[in-house]
Amino acid sequence: GSFSAFEGPYVITNGMNGTATFVVLMHQLAHEAGKAVIILVNKWDIVDKDSNTMSRYVKELRSELKFIEYANIEFVSALTGARMSGLLSLIEKTMEQYQRRISTGLLNDLLNDAVMSNPPSAKGTKVKIFYITQVAVKPPRFVLFASDPELVHFSWLRYLENRIREAFGFEGTPLQFKLRKRGSK
């Protein structure tokens, strides 16, 4: 449908009165479609603020929308135009991240460090991960070749995703991973 045809990033607005079910659904759809996401928190002009209001609200949003921790969050007021000036550059930056490509050499240096720090294993069995390569952008997709792909736990892939984000950014964009047995297509 039109959701998957749009190049993104999806800019989904959210007023200051909590995360509505509709907004959560929109984020879920954007995530499942592999889209970059920016969350705009509107009506920032009418909020009684102290020095911690924004960080409290970001924490609350991230808690409610755990599946898109990577999303950029921007506080704005459509009515007054407050904080809107940075939106275009944020959209451009998010699109750059969405189209970012990392060389296989850099990815494998990171993979080797990640495996040394936290080797993947399942039920006492060590799993050998041979290499990683990025196969696509929009969203960035990575394929890992392993001795026993079905033994690589989701939590280890999450650890690797966090390491990749620390090293290369990818703010505002989902990352997708596929495991393959070495020698398979």
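Residues numbered from 1 in each chain as written. Predicted model: local features only at pLDDT ≥ 70, side-chain atom pairs only at ≥ 80, totals over all residues. Heavy atoms only, no water.

Q: How would you summarise the overall build of the protein if you had to cite specific residues and measurements?
A: When helices and strands are tallied, the protein shows 6 helices and 8 strands. Starting at the N terminus, the α and β elements of the protein follow one another as α-β-α-β-α-β-α-α-β-β-β-β-α-β. Counting only residues that meet the buried cut, the protein has 41% of its 185 residues in that class. In the protein, the share of contacts with a sequence separation of at least 24, taken over all contacts with a separation of at least 6, comes to 70%. Accessible area for the protein stands at about 10200 Å²; split by element, carbon and sulfur atoms hold 54% of it. (Helix = DSSP H or I, 4+ residues; strand = E, 2+ residues; numbered from the N terminus. Buried < 20%, exposed > 50% of the residue type's maximum accessible area, 1.4 Å probe, protein only. Contact = heavy atoms within 4.5 Å. Areas by Shrake-Rupley, 256 points an atom, 1.4 Å probe, with all protein chains shown as cover.)

Q: Could you give me a rundown of the pairing of strand β8 (residues 176–181), with the residues and numbers involved?
A: With 6 bridges joining them, strand β7 (residues 141–146) and β8 adopt parallel strand pairing. Among the inter-strand pairings, Val143 is bridged to a residue of β8, identified as Lys178. Following the backbone out of β7, through helix α6 (residues 154–168) and into the adjacent parallel β8, one traces a crossover that is right-handed. (Pairing = 2+ DSSP bridges. Right-handed = clockwise from strand over helix to strand, strands pointing away.)

Q: Go over the nonpolar core, please, and point to the residues and values.
A: Ile132, Leu144, Trp156, Leu160 and Ile164 are the most contacted members of the largest nonpolar core, which totals 20 residues. Counting residues per element, the ones that place at least two in this core are α5 (104–117), β6 (129–136), β7 and α6. No other element matches α6, which puts 6 residues into this core. Excluding residues that lie within four positions of it along the chain, Leu144 makes contacts with Leu111, Ile129, Tyr131, Ile132, Trp156, Leu157, Leu160, Phe177, Lys178, Leu179 and Arg180. (Core = buried A, V, L, I, M, F, W, Y, C linked by side-chain atoms within 4.5 Å.)

Q: Would you mind going over the pairing of β6 in detail, with residue names and values included?
A: With 6 bridges connecting them, β6 and β7 associate as antiparallel partners. From the neighbouring strand, Tyr131 faces β7, where its bridge partner is Phe145. Connecting the antiparallel pair β6 and β7 is a turn made up of 4 residues, with Lys138 showing a positive phi of about 55°.

Q: Residue-level account of the sheet that holds β6, with values.
A: The mixed open sheet is built from 3 strands, whose spatial order is β6-β7-β8. For this open sheet the edge positions go to β6 and β8, each flanked by a neighbour on one side alone. Strand-to-strand twist of the sheet, defined as the mean angle between neighbouring strand axes without regard to direction, takes the value 25°. Its contacts with the sheet put α5 on β6 and β7, and the angle it makes with β6 is roughly 140°. Sitting on the sheet, α6 touches β6, β7 and β8, and the angle it makes with β8 is about 125°. (Axes fitted to C-alpha atoms, helices over the stretch in contact; angles between N-to-C directions.)

Q: Help me get a handle on the packing of aromatic side chains, residues and values and all.
A: Taken as a whole and judged by the stated rule, the model has 5 aromatic pairs. Ring centres of Tyr131 and Phe145 lie 4.7 Å apart, and the angle between their planes is 20°; on these two criteria the pair is classed as stacked. Of this pair, Tyr131 sits in strand β6 while Phe145 sits in strand β7; the two residues are 14 residues apart in sequence, bridging distant segments of the chain. On the basis of relative accessibility, which here comes to 9%, the residue Phe145 falls in the buried class. Seen in terms of ring centroids, Phe142 and Phe177 are 5.4 Å apart; in terms of plane orientation they differ by 20°. Their pairing is stacked. Of this pair, Phe142 sits in strand β7 while Phe177 sits in strand β8; the two residues are 35 residues apart in sequence, bridging distant segments of the chain. Overall, Phe142 belongs to the buried group, its relative accessible area being 1%. (Phe/Tyr/Trp six-rings, centres within 6.5 Å; stacked < 30°, edge-to-face > 60°.)

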